[in-house]
Amino acid sequence: MAVPKKLLFSDLLKHNVRCESGIDHGPVISPWMHPPVHRILGLVSRPSNLRLQREVWRLDQIKGINQQEIYVKGSCSISDEQTLERFPTLMSANVFNRKGQKLGLIADFVFEPKNGNIQYYLVSRSNPLIPGTSRWRLSISQIIDKQPGSISCDIDTLEDLPIYKA
């Protein structure tokens, strides 16, 4: 039950967080990111569908991952949905080409759990929640500008990017 060297963030969305006391802290619902340096700092879980409380875990608290659970050590930070929505993120950000035309949106990313460095982003042309939609691999070197909710890239079309999953 080790932590892999690289992870696709969407794979974590299928996991529940469990602490060293054996308590289930609910499913992973979103990343905690630092977009200016393309880094993930941790993840957010939802312990209850009935409360607005959210629990934020640092990456260095992850001690193991299996098919269904992420095992963490230490205590989380408590937050709420409204506060977390104000945190900057590139998830679901619109992706624009060098001419300013919208190409799609950020659907996922691959990162290193050890240090949080994002290796590359995955771009979806349409709604990323639709199963079977194609994903294109956007390297960080192709990003020329990023603002909250948008990324400008040094490409013309999505076909300039390698396809990750069709």
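Here we summarise the structure given alongside this text. (Residues numbered from 1 in each chain as written. Predicted model: local features only at pLDDT ≥ 70, side-chain atom pairs only at ≥ 80, totals over all residues. Heavy atoms only, no water.)

1. Structural notes on the pattern of salt bridges
- The tally for this structure, following the rule as stated, stands at seven salt bridges.
- Across the pair R18 and E69 runs a salt bridge, and its minimum N-O distance is 2.6 Å. Highlighted residues: R18 in strand β2 (residues 16-19) and E69 in strand β7 (residues 69-72), separated in sequence by 51 residues.
- Taking relative accessible area as the criterion, E69 reaches 14% and is therefore assigned buried.
- The partner of R54 in a salt bridge is E81, and the shortest N-O contact between them spans 3.4 Å. One end of the pair, R54, is in strand β5 (residues 53-58); the other, E81, is in helix α2 (residues 81-85), and 27 residues separate them in sequence.
- For E81, a relative accessible area of 29% corresponds to the partly exposed category.
- The network of salt bridges with common partners includes R98, D154 and D156. (Salt bridge = Lys/Arg side-chain N within 4 Å of Asp/Glu carboxyl O. Helix = DSSP H or I, 4+ residues; strand = E, 2+ residues; numbered from the N terminus. Buried < 20%, exposed > 50% of the residue type's maximum accessible area, 1.4 Å probe, protein only.)

2. So, the sheet that holds strand β6 (residues 62-65)
- Reading across from one edge, β6-β7-β2-β3-β4-β5-β8 is the order of the seven strands in this open sheet, with mixed pairing throughout. With one partner strand each, in any of the chains shown, β6 and β8 (77-80) form the two edges of the open sheet. Direction aside, neighbouring strands of the sheet carry axes that sit 40 degrees apart on average. (Pairing = 2+ DSSP bridges. Axes fitted to C-alpha atoms, helices over the stretch in contact; angles between N-to-C directions.)

3. Notes on the packing of aromatic side chains
- Scanning the entire structure with this criterion turns up five aromatic pairs.
- With centroids separated by 5.3 Å and ring planes inclined at 20 degrees, the aromatic side chains of F9 and F109 adopt a geometry described as stacked. Placement of F9 in helix α1 (residues 9-12) and of F109 in strand β10 (residues 102-111) is noted, with a sequence separation of 100 residues between them.
- Sitting over the face of the ring of Y120, R137 holds its NZ or CZ atom 4.4 Å from the ring centroid. (Phe/Tyr/Trp six-rings, centres within 6.5 Å; stacked < 30°, edge-to-face > 60°. Lys NZ or Arg CZ within 6 Å of the ring centre and 35° of its normal.)

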